[in-house]
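One-letter residues, chain by chain:
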Amino acid sequence: GVSCLAAARQTGLRQYMKLGRRFRRRIKNWVQQGNPNVRHYECLLDAEWDAMKGHKFSTIKHYEAAYVIAARGGILQDAGLALERLGLFHLHVTRDTDEASFRLNEAIKYYHEWGAMAKVEQMERELGPFISQHFES
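These notes cover the structure that comes with them. Keep in mind the model is a prediction, meaning the values are calculated, not measured. (Residues numbered from 1 in each chain as written. Predicted model: local features only at pLDDT ≥ 70, side-chain atom pairs only at ≥ 80, totals over all residues. Heavy atoms only, no water.)

## Notes on the environment of Met123
By secondary structure assignment, the location of Met123 is in helix H7 (residues 117–126). Spatially, the C-alpha atoms of Met123 and Phe57 are 25 Å apart, while their sequence positions differ by 66 residues. Filtering out sequence-adjacent residues up to four positions away, Met123 remains in contact with Glu84, Leu104, Ala107, Ile108, Tyr111, Gly128 and Ile131. (Helix = DSSP H or I, 4+ residues; strand = E, 2+ residues; numbered from the N terminus. Contact = heavy atoms within 4.5 Å.)

Structure, rendered in structure tokens:
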């Protein structure tokens, strides 16, 4: 769902938006049925949806909620993903490089703690100027 909505935002293709909307609805149904394990996914998909629609404030709010819920639940990889997406949103949309750098570095910490060293290295390689923390692999 995240990939589909991100692709819809980048390409403008409706096929990605439709698929992302389908995933988003499915997750929302699970939350409404009382599944507490997918609440952070709902927030993450809401953030991607709002980003696609151009709603900056609610996008940031949903990314932050996704991060907090995932982190509190000990889901390190999803906390990292929410922070990474938030950092990239600040970098490319709000153009707040300080906030982007802070969020991307926090994402790297979560990925590192989770043990995703290839992801850490990829982010360091692709986002080097915005990454201040470097970890040993």
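## With respect to the pattern of salt bridges
Applying the stated rule across the entire model yields ten salt bridges. The closest approach of N and O atoms between Lys28 and Glu42, which form a salt bridge, is 3.1 Å. A residue pair is termed long-range when its members are at least 10 positions apart, and Lys28 in helix H2 (residues 14–32) and Glu42 in helix H3 (residues 39–53) qualify at 14 residues. Classification of Lys28 by relative accessible area gives partly exposed; the value is 23%. (Salt bridge = Lys/Arg side-chain N within 4 Å of Asp/Glu carboxyl O. Buried < 20%, exposed > 50% of the residue type's maximum accessible area, 1.4 Å probe, protein only.)

## A word on the side chain of Glu84
Mapped onto the elements, Glu84 comes out in helix H5 (residues 76–94). A relative accessible area of 10% means that Glu84 is categorised as buried. If sequence neighbours within four positions are ignored, Glu84 has contacts with Leu104, Ala107, Tyr111, Lys119 and Met123.

## Considerations on the state of the cysteines
Tallied over the full model, the rule gives zero disulfides. The thiol sulfur of Cys4 is not disulfide-bonded, and the nearest other cysteine sulfur, from Cys43, lies at 19 Å. Judged by its relative accessible area of 1%, Cys43 falls in the buried class. (Disulfide = S-S within 2.5 Å.)

Any functional reading would require information beyond the geometric quantities listed.
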